[in-house]
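Residues per chain are reported as follows:
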Amino acid sequence: LFRACILSAWNIAQEFNKLLERVQPLAVVLFNGIVFPEATVRFIAREKGIRCITHEVNLLPFSAYFSTREATFRIVDVPPDFQLSPSQEKRLDAYLEARFQGNFTMAGIRFWPQMQHLDDNFLQKAEGFRDIVPVFTNVIFDTTQDHANTVFAHMFDWLDQVLDFIRRHPKTLFVVRAHPDEARPGKESRQSVAQWAQRSGVASIPNLCFIGADQYLNSYELIQRSRFVMVYTSTIGLEAVLMGVPVLMGGSARFNTPDLPTAFFPASPQEYFDRAEKMLANEKPELPSHHRENARRYLYYELFRAALPFDQYLMDDGVWRGYVTLKSFGWEALLPSNSPTMRTIRDGVLLDTPFLLPE
């Protein structure tokens, strides 16, 4: 398979080189730049000094993120002096209210067909422990994972070391939560957290509760009862901060950068678990006020400035979960004069302006 991918990439490189020589484009616009055909094209364009623009889905339904950098990382440049106005605060709160009820989709997928409250069995078990620490994982095929592994070798390396930490702290109940997209029909993970849990024997660890991808337990109720939250890179880490709970990140995430810190992100595994020890030892782990403020600033910009909406043109496929189809619309709807989204894309491609909607 590896040899076949290399040969195919070589063929794409040859043909795309010919196209570039013939067309001499101002820029190249393509899908996320991670899968080998797009990655090859992006590499060739950059080698020739041609500006390369990639795009990826964004948080809002039927929205996309465009960038001349890494679309899969969805970097959002929030101005240092940006502060939410009262109307912007209200707009963000309305989004979060729906999100915390599980009423959202991404890339056409509704992850929570129903949300289940923490049941009596879980609550009774939790009473036997001093505190609760949730551990939220990712799906490893998510394109964000190409950027995540800067401290740990990969997510399962992080989980293995977290498991050792769990064994050393029997007074705390740890809840390992598999990402709900891990078991999506037709796109099931071939290397899943559920497989890791079975292989690692987590069922025999008294202070560990494993929640599978097919269990719609209300993660937000779990966060509300938590001392702090461990996350690899999942967006729920950002949401936990917004709920007032400190977050310890295992991987590099778009919403937590040196310029806009929203969570604790130690620089090495040793520092990571030293921080975890301190957070367990403290009566009430500190949530720096700037973490929550930065989280709100970042999320507003990601949702309402960097997420370019295409709901004017797209709707759910109705057959294939996660797929979309075109609505019926006149060609005039695609004119930049009739669409802020098309105007933003046109100016970004032709004039190299930021791919941000006007406020």
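Structure: see above.
Being a predicted model, the structure only gives us computed values, none of them experimental.

Conventions adopted
Residues numbered from 1 in each chain as written. Predicted model: local features only at pLDDT ≥ 70, side-chain atom pairs only at ≥ 80, totals over all residues. Heavy atoms only, no water. Helix = DSSP H or I, 4+ residues; strand = E, 2+ residues; numbered from the N terminus. Rg over C-alpha atoms; globule rule 2.2 N^0.38 Å. Buried < 20%, exposed > 50% of the residue type's maximum accessible area, 1.4 Å probe, protein only. Contact = heavy atoms within 4.5 Å. Areas by Shrake-Rupley, 256 points an atom, 1.4 Å probe, with all protein chains shown as cover. Axes fitted to C-alpha atoms, helices over the stretch in contact; angles between N-to-C directions. Parallel < 35°, antiparallel > 145°, perpendicular 65-115°, else oblique. Left-handed = near helix turned anticlockwise from the far one by under 90°. Nonpolar A, V, L, I, M, F, W, Y, C, P; charged D, E, K, R; others polar. Pairing = 2+ DSSP bridges.

### Comments concerning the overall build of the chain
Helix and strand content of the chain: twelve helices and eleven strands. For 359 residues, the compact-globule formula gives about 21 Å, and the C-alpha radius of gyration of the chain, at 22 Å, lands near that figure. With the principal axes as the frame, the chain shows a C-alpha extent of 70 × 55 × 40 Å. When the 359 residues of the chain are sorted by exposure, 50% land in the buried category. Nonlocal contacts in the chain, meaning residues at least 24 apart in sequence, comprise 67% of its contacts between residues at least 6 apart. As displayed, the chain offers around 18300 Å² of accessible surface, 53% of which is attributable to carbon and sulfur atoms.

### A few points about the packing of helix H6 (residues 155-167) against helix H10 (residues 269-281)
Packing of H6 against H10 brings their axes to within 12 Å, and their N-to-C directions diverge by 40°. If you check the angle between H6 and H10, you find them oblique. Every pair of crossing elements has a handedness; the one defined by H6 and H10 is right-handed. Residue-level contacts link Trp-158, Gln-161, Val-162 and Phe-165 of H6 to Pro-269, Tyr-272, Phe-273, Ala-276, Glu-277 and Leu-280 of H10. The residue makeup of the contact of H6 with H10, split by class, is eight nonpolar, one polar and one charged.

### Overview of the sheet that holds strand E7 (residues 229-231)
Taken in spatial order, the five strands make up an open sheet running E6-E5-E4-E7-E8, and their pairing is parallel. At either margin of the open sheet sits one strand with a lone partner, and together these are strand E6 (208-211) and strand E8 (247-249). Mean inter-strand twist for the sheet, computed between neighbouring axes without regard to direction, equals 20°. In this structure, strand E4 (residues 131-136) lies alongside strand E5 (residues 172-177), joined through six bridges in parallel fashion. Bridge assignment links Phe-136 to a residue of E5, and that residue is Arg-177. Relative to the sheet, H10 contacts E4, E5, E7 and E8, its axis offset from that of E8 by approximately 165°.

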